[in-house]
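For reference, the chains in residue letters:
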Amino acid sequence: AMDNIFTSTYDYYLIYLTNLLHVGGSSQSYIRFRTGGASGSNDSSSKYCYMYKKIQRTSGSETDGNDGAWDNNVAKLANYDLSADTNSPSQVKMLIQYPYSSSHKTSMMFEGQMNQSNMTAVQYTDGAIIFNDNTSHTGIGITAQDHTNGMANGVKAFVYGIKF
């Protein structure tokens, strides 16, 4: 989890996550905003409205598809198992608007390159998330779909605050 990265200083944030791997196996990537500052916790309210589109390539074919949900308790970054192989990490870029404001809904656009388990497929994904409530968020958390396994050590996050 990344706590205390959003403050009242900036309304917009650009985050790059690199070397993205799951701990101990393959699971889909879920994201939640966090509240509570330095000792934050995941906001698991059923307020996540999200959608994403993907293009996936395996050794034999190329497919596309989409997925999403309304007022869910989590949002997805991709719909298949993310690699735990250290030689094939994934990466994601996120643009987040008004995360700290309690008078705006937190919203996010993202795009990423996801490598599936054992390098059986590569996926390009892009999408959007809106937290359907005016809640002040101070961070983000990315977990495996079972919500107990997290990201492997070595994930790098570059966080940029943007001021207009």
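Being a predicted model, the structure only gives us computed values, none of them experimental.

## Quick look at the pairing of strand β7 (residues 90-97)
Alright, step 1. Judged by which residues are buried, β7 turns out to be one-sided: Ser90, Val92, Met94 and Ile96 face inward and are buried, whereas Gln91, Lys93, Leu95 and Gln97, on the alternate face, are not.
Alright, step 2. As defined by bridge partners, strand β1 (residues 12-20) adjoins β7 across seven bridges and the pair is classed as antiparallel. The partner of Tyr12 across the bridge, within β7, is Gln97.
Alright, step 3. The pairing of β7 with strand β8 (residues 107-115) spans seven bridges and is classified as antiparallel.

## Here's the deal with the side chain of Thr138
Alright, step 1. Considering the arrangement of structural elements, one finds Thr138 in the loop between β9 (122-131) and β10 (139-144).
Alright, step 2. In this structure Thr138 touches Met2, Asp3, Asn4, Ile5, Phe6, Arg34, Thr35, Gly36, Gly37 and Tyr100, once residues within four positions along its chain are discounted.

## With respect to unusual backbone geometry
Alright, step 1. Backbone geometry at Asn4 places phi at a positive 60 degrees, although glycine is not the residue there.
Alright, step 2. Relative to the elements of secondary structure, Asn4 occurs in the segment before β1.
Alright, step 3. Phi angles above zero are rare outside glycine, and Asp71 is one such case at about 50 degrees.
Alright, step 4. Residue position: Asp71 is located in strand β5 (residues 62-72).
Alright, step 5. On the basis of relative accessibility, which here comes to 31%, the residue Asp71 falls in the partly exposed class.

## Some remarks on the pattern of salt bridges
Alright, step 1. Across all of its chains, the model carries four salt bridges by this definition.
Alright, step 2. Among the ionic pairs, Asp3 bridges to Arg34, the shortest N-O distance being 2.6 Å. Of this pair, Asp3 sits in the segment before β1 while Arg34 sits in strand β2 (residues 29-35), and the two are 31 residues apart along the sequence.
Alright, step 3. When its relative accessible area of 23% is taken as the criterion, Asp3 is described as partly exposed.
Alright, step 4. Owing to a relative accessible area of 8%, Arg34 belongs among the buried residues under this scheme.
Alright, step 5. Put simply, Lys76 and Asp67 hold a salt bridge, and the shortest N to O gap is 3.3 Å.
Alright, step 6. Take Lys76: its relative accessible area is 16%, and that puts it in the buried class.

What counts and what doesn't
Residues numbered from 1 in each chain as written. Predicted model: local features only at pLDDT ≥ 70, side-chain atom pairs only at ≥ 80, totals over all residues. Heavy atoms only, no water. Buried < 20%, exposed > 50% of the residue type's maximum accessible area, 1.4 Å probe, protein only. Helix = DSSP H or I, 4+ residues; strand = E, 2+ residues; numbered from the N terminus. Pairing = 2+ DSSP bridges. Contact = heavy atoms within 4.5 Å. Salt bridge = Lys/Arg side-chain N within 4 Å of Asp/Glu carboxyl O.

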